[in-house]
Amino acid sequence: MATDLHELLRSLRVWDQEVTSLPSFDPSAAPATPLELFTVWFAQAVAAGQTEPHTMSLATADAEGRPDVRTVMLHGADADGWAFASHAHSRKGGHLSARPYAALGFYWPVLGRQVRVRGPVTAAPSEDGQADLHARSTGALAAALTGRQSEVLGSLEELARASEESWERAQREPAVPVPSWTLYRLAPEEVEFFQGDERRRHVRVNYRLVEGGWTQELLWP
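Ranked by internal contacts, the top residues of the largest apolar core, which has 26 residues, are Phe38, Phe84, Leu104, Phe106, Val115 and Phe193. Where this core is concerned, the elements lending two or more residues are α2 (34-47), β1 (55-61), β4 (81-87), β5 (101-108), β6 (113-123), β7 (181-186), β8 (190-195) and β9 (203-210). Every residue in contact with Val115, bar those within four places of it in the chain, is listed here: Phe38, Trp41, Leu104, Gly105, Phe106, Trp108, Val191, Glu192 and Phe193. In this structure, Ala124, Ala144, Val176 and Leu183 belong to the second largest nonpolar core, which totals 12 residues.

As for its position among the elements, Trp167 is in helix α6 (residues 156-172). The partly exposed category is assigned to Trp167, whose relative accessible area is 36%. Taking the C-alpha atoms as reference, Trp167 lies 8.0 Å from Leu141; in sequence the two are 26 residues apart.

What follows covers the layout of surface pockets. Rolling a probe over the atoms, with the probe sized like a water molecule, indicates the empty space that remains. In this structure, the largest pocket encloses a volume near 570 Å³. Elements with a minimum of two residues in the lining of the largest pocket: β2 (67-73), β4, α5 (138-146) and α6.

A few words on the pairing of β2. Direction of pairing for β1 relative to β2: antiparallel, over a ladder of 7 bridges. By the bridge assignment for β2, Ala61 is matched with Pro67. Following β1, the chain reverses through 5 residues before pairing antiparallel with β2; Gly65 in that reversal takes a positive phi of roughly 85 degrees.

Moving on, we get to a nonpolar patch on the surface. Where nonpolar side chains cluster on the molecular surface, the patch consists of Leu5, Leu8, Leu9 and Leu12 and spans about 390 Å² of accessible area. For Leu5, the location among the structural elements is in helix α1 (residues 2-11).

Criteria and cut-off values
Once a new chain begins, its residue numbering starts again from 1 and follows that chain's sequence as written. With pLDDT at 70 or above as the cut-off, local features in this predicted model cover only qualifying residues; side-chain atom pairs require 80 or more to be listed or tallied, and sums for whole chains, interfaces and linings still use all residues. Side-chain measures were taken over the full set of non-hydrogen atoms in the model, leaving aside hydrogen atoms and water. Put simply, a nonpolar core is a bunch of buried Ala, Val, Leu, Ile, Met, Phe, Trp, Tyr and Cys residues held in one set by side-chain atoms that sit within 4.5 Å of each other. Summary of the burial criterion: residues with accessible area below 20% of their type's maximum are buried, those above 50% are exposed, and those between are partly exposed, where the area comes from a 1.4 Å probe applied to protein chains only. Every helix listed is a DSSP run of H or I at least four residues long, and every strand listed is a run of E at least two residues long, numbered separately from the N terminus. Working rule for contacts: check all heavy atoms of both residues, and any pair within 4.5 Å makes them a contact. Using protein atoms alone on a 1 Å grid, points that fit a 1.4 Å probe yet trap it form a cavity, whereas open point sets bounded by protein on both sides within 12 Å along at least five of seven lines form a pocket; residues with an atom within 4 Å of a point count as lining. Grid points are joined across faces, edges and corners, and a volume is the space filled by probe spheres set on the points. We treat two strands as partners when DSSP finds at least two bridges between them. Each patch is assembled from residues with relative accessible area greater than 30% and no salt bridge, linking like charges that lie within 9 Å and nonpolar side chains (Val, Leu, Ile, Met, Phe, Trp, Tyr) that lie within 5 Å. Under the convention used here, a 1.4 Å probe and the Shrake-Rupley method define accessible areas, while residue burial counts only the protein chains that appear. Only one rule defines a salt bridge in this text: a Lys or Arg side-chain nitrogen within 4 Å of an Asp or Glu carboxyl oxygen.

These values are about where atoms sit, not about what they do.
In structure tokens:
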């Protein structure tokens, strides 16, 4: 089985020309703030047909400093930071309570681009979290009502029963609050933009927050 996996890995290539276009990126023309460039790159990823460009890797660490990572959805990015949501009692919620610092990773292979963001994380006011939740779909509300995220599940039948009850309540009470649902905001201290190059001369621009604003630097690929 290991040999099969290795053979499969060797057969794969990145940035297939049939599905990937590697645009040029001139760092000297980069805007003054990372949010401006992220907004442009995100729109370009959408226009290029990138599947689920709003999904991102979220890396946290537990109280002992052991890292963990998972894929979550971006709920917004503005002057307050990059936003995502979860239950406060979830594993990621527990990590952020103990160590309120995280990193985000976006990968848009249709353009050969990555964006990495890291900084301190704060929980938004409860009313912001509830407003964010109720602006989403009935399914999102039902999932939030099901709760118990990251707890041990006894069986799939137990999940099915709880999910059905939550769907019925979400449809019956579309404004029902879910107190544990929390909107988190990561305030960026560092944001890196990576543009892939077919000759591996990748362009990496790193924004760092310093006293007085943002500074930019190039990184070796």
